[in-house]
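# Overview (structure and organization)
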Amino acid sequence: MVCKFGGSSVENAGQIEKVKNIVGDSKNRKYVVVSAPGRDEAYHQKITDHLVNLATNGKHLAKKVTAKESKKAIFDKFSGLIEVLKIPDEGLLKSLEADLNTSLEGEKKIAFLASRGEHYNAKIIAAYFNLCGIDATLWLPEEGGFLLSSDFLNAKVLPEAHVNLAKLKGCESVCVIPGFYGVTKEGDIAVLSRGGSDLTGGEVAYSVEAVLYENWSDVNGVYEADPRIVKESDVIPRLTFKEIRLLSSKGFNVFHFDAMNNCRKSNIPINIRNTNRPSFAGTMILNERVPDEDVVGIARLDHMAYIYLEKEGLGETIGFTEGLLSIFNKYGIKTYHYPTDKDDIAVLLKKEDLAGNINNLRADIESQLTPDALEVVYDVAIISMVGIGMKYNSSVIADAVWTLKENHIDIEMLDHGPAKISFHIGVAQQHADRALELLYKKLILKK
Ligand SMILES: Nc1ncnc2c1ncn2[C@@H]1O[C@H](COP(=O)(O)OP(=O)(O)O)[C@@H](O)[C@H]1O
Ligand SMILES: N[C@@H](CC(=O)OP(=O)(O)O)C(=O)O
């Protein structure tokens, strides 16, 4: 079994003790992937964010934490862990200090520093396991060869990484593996996208042909809707890979949406569980389940915008959509949906991605595609209903539309996913919380 423990599960000594108990509870928990500690005590920021803030000279954290303050927060976190867990220091803090003063520059510096949270946490956790009588071996990506592409801040896993990880198969002791980072063929440290320890866990599970990938966090499983907004929301016992991929790409931040790809191919189930409530079964993610309900989860993306274009016959012009998307690509802007019709198209994206880009983007679209009209609509929330049962009952779309109409909430956009297991409704951001609650009550709570 592979177990990944997220930042909240390894945030402080008390949490790390819970992790030790969970790992010690079953001999099958052989591969333990750990994140950087979650939030620090002084600023309540993730240690990874402090590390990026240090690397960017204080530009990363919005609430004006200086690079010096971040450095202190990182140092305090690790020295606190070493002290409370009674880890023999053996130069750990000296080596951390040296790393924090790296002479690297640019993206290499950001990636290297960002990786230090996982690096030092794994060292501390492996040492702590051994102190507590769990025979543990530390497997470092730079030594074992978790090989990544040279896109330093959003690296991709290379096939050789699987070959090297597979060497861990049959390992006698518990292998402690830092998540989120790896090494390029040139020997530089690179990181996966944010939340990437989930990805490391998935790659390990695939490589060692695990029977189960446990993903431990601070929630009882995947909830039907974000539990911070919809209080009545309950844990979903079973989800398919396709459903969780849709939900997590649309705002369910509990699990990285690319982390299940290899598990899905190899039919390795993923179990989302709570480190603070290990007796709860959590959510099981599988290739197949019985669709007892139409809508199983409702996700939401906030503060979106869409660019609306009108031009006669654009829907039938070969290459129009491709040309449009390549313009967004040029500015590094991620696009979400692009519903299209005979004479118009709308492209959904994050409002924040337009900041600083909108003038140039508009100029490029106007000169290259000569639209008759181009309008930008800001502050839209996209609510996504997902469930394999919808394939057999699309009348839930009518229920959703009627519920919003009855409550005087205008629909800005409606898009039915081609697999017929999702549909997306855009509403003004100001109505987002109410719309989510109303849709939850109508489509899920009615059960
Ligand atoms: N539908 C959902 N179900 C469960 N958690 C959700 C959902 N949507 C958003 N979340 C958030 O995801 C968080 C867990 O993911 P994450 O912050 O990555 O944890 P970790 O740091 O332990 O990896 C929860 O604390 C919760 O606030
Ligand atoms: N620490 C990294 C990687 C990660 O996966 O973290 P977490 O498990 O806390 O989401 C990040 O913050 O992006």
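Just so it is clear, the model here is predicted, and its values are computed rather than measured. In this convention, every chain numbers its residues from 1, walking through the sequence in written order. Whichever chain is written first becomes A and whichever ligand is written first becomes 1, with later ones labelled in order. Thresholds applied to this predicted model are a pLDDT of at least 70 for local features of residues and 80 or more for the giving and counting of side-chain atom pairs; totals over whole chains, interfaces and linings are not thresholded and use all residues. Excluding hydrogens and water, the side-chain values take into account all heavy atoms of the structure.

### Quick look at the domain arrangement of the protein chain
Quick reminder of the rule: Note that domain bounds follow an automatic or database assignment of domains.
Domain assignment breaks the protein chain into domain 1 (2-218) and domain 2 (297-445). A C-alpha centroid distance of 36 Å is found between domain 1 and domain 2.

### Remarks on the UniProt feature "domain: Aspartate/glutamate/uridylate kinase" (unreviewed entry) in the protein chain
The following threshold applies: UniProt positions are given in the numbering used here, feature names are shortened, and annotations may be inferred rather than shown by experiment. Put simply, DSSP marks the helices as runs of H or I at least four residues long and the strands as runs of E at least two long, and each gets a number from the N terminus on.
With numbering matched to this structure, UniProt assigns "domain: Aspartate/glutamate/uridylate kinase" (unreviewed entry) to residues 2-274. Split by type, residues 2-274 is 41% helix and 13% strand. Its first and last C-alpha atoms lie 15 Å apart.

### Section: the site of ligand 2
For the record, the criterion: When at least one non-hydrogen atom of a residue lies within 4 Å of a molecule or strand, that residue is treated as near it. Whenever two N or O atoms come within 3.5 Å, that pair is a polar contact, provided that in protein one can donate a hydrogen and the other can accept it, and provided that, for residues adjacent in sequence, both atoms are side-chain atoms. To measure how exposed things are, a 1.4 Å probe is used in the Shrake-Rupley method; for residues, cover is taken only from the protein chains shown. Just so you know the grouping, Ala, Val, Leu, Ile, Met, Phe, Trp, Tyr, Cys and Pro go in nonpolar, Asp, Glu, Lys and Arg go in charged, and all remaining residues, Gly too, go in polar.
Around ligand 2 there are 13 residues in total, and Ser35, Thr48, Glu118, Arg194 and Gly195 lie nearest to it. In this structure, Gly7 approaches ligand 2 through a main-chain N or O atom, which is 3.0 Å from an oxygen atom. For ligand 2, the protein covers 89% of the area, taking 340 Å² as the surface of the free molecule. For the shell around ligand 2, the residue count by class is two nonpolar, seven polar and four charged.

### Quick notes on the environment of Leu199
Applied cut-off: Any residue under 20% of the maximum accessible area for its type is buried, any over 50% is exposed, and the rest in between are partly exposed; the area is computed with a 1.4 Å probe on protein chains only. Residue contacts follow a heavy-atom distance rule, with two residues in contact if any of their heavy atoms lie within 4.5 Å.
Assignment of secondary structure puts Leu199 in helix α8 (residues 197-207). Residue classification places Leu199 among the buried residues on the basis of a relative accessible area of 11%. In this structure, the C-alpha to C-alpha distance between Leu199 and Asp258, residues 59 residues apart in sequence, is 6.8 Å. Not counting residues up to four positions away in its chain, the partners in contact with Leu199 are Leu192, Ser193, His256, Asp258 and Ala259.

### Quick look at the side chain of Gln429
With respect to the element layout, Gln429 can be found in the loop between β15 (422-428) and α15 (432-445). Apart from the residues within four sequence positions on either side, Gln429 is in contact with Asp302, His303, Asp379, Val380 and Ala381.

### Side note on a positive patch on the surface
For clarity, the cut-off: Patch building starts from residues that exceed 30% relative accessible area and form no salt bridge, then joins like charges within 9 Å and nonpolar side chains (Val, Leu, Ile, Met, Phe, Trp, Tyr) within 5 Å. Take a side-chain nitrogen of Lys or Arg and a carboxyl oxygen of Asp or Glu: if they are within 4 Å of each other, that pair is a salt bridge. Two residue types count as positive, namely Lys and Arg, and two as negative, namely Asp and Glu; His and chain ends fall outside the count. One atom stands in for each charge, and that atom is NZ of Lys, CZ of Arg, CG of Asp or CD of Glu.
A grouping of Lys242, Arg264, Lys391 and Lys420 is seen on the molecular surface, where their side chains present a positively charged patch. With respect to the helices, strands and loops of the structure, Lys391 is situated in the loop between β13 (373-386) and α14 (395-406).

### Observations regarding helix α13 (residues 358-369)
Condition: Take the number of residues in a helix, subtract one, and multiply by 1.5 Å to get its expected span.
The first and last C-alpha atoms of α13 sit 16 Å apart over 12 residues, in line with the 16 Å expected at 1.5 Å per residue. For α13, the elements touching its buried residues are β11 (297-310), α11 (320-330), α12 (351-354) and β13. Directly beyond the C-terminal end of α13, a positive phi value near 35° is found at Thr370.

### With respect to α11
The following threshold applies: An arc is given here, and it is the one of the directions from the helix axis to the C-beta atoms.
Of all the positions in α11, only Phe320, Leu324, Ile327 and Phe328 are classed as buried. Along the axis of α11, the buried positions cluster into a sector of 100°, meaning they face one direction only. Among the exposed residues of α11, those oriented more than 90 degrees off its buried face are Glu322, Asn329 and Lys330. Buried residues in α11 make contact with β11, β12 (344-350) and α13. After α11 finishes, the residue Gly332 shows a positive phi value of roughly 65°.

### What about the site of ligand 1?
Taken together, 17 residues lie around ligand 1, and Ser8, Ser217, Asp218, Tyr223 and Arg228 are the ones closest in. Ser8 is positioned such that a nitrogen or oxygen atom in its side chain is 2.8 Å from an oxygen atom of ligand 1. Between an oxygen atom of ligand 1 and a side-chain N or O atom of Ser217, the distance comes to 3.2 Å. Protein contacts shield 85% of the accessible area of ligand 1, which totals 580 Å² for the unbound molecule.

### Things to note about the sheet that holds strand β1 (residues 2-5)
How we decide: Criterion used throughout: strands pair if DSSP finds at least two bridges between them. Helix axes are fitted to C-alpha atoms over the stretch in contact, other axes to C-alpha atoms as well, and angles between N-to-C directions run from 0 to 180 degrees.
Within the open sheet, the eight strands sit side by side as β3-β4-β2-β1-β7-β9-β10-β8. Their pairing is mixed. The open sheet has two free edges, formed respectively by β3 (136-138) and β8 (238-240), since each of these has just one partner strand. For this sheet the average axis-to-axis angle between neighbouring strands, irrespective of direction, equals 20°. Bridge count for β8 against strand β10 (residues 283-286) is three bridges, and the pairing is parallel. Counterpart to Leu239 in the pairing with β10 is Ile285. Packing of helix α9 (residues 241-249) onto the sheet brings it into contact with β8, β9 (270-274) and β10, and relative to β8 it is tilted by some 85°.

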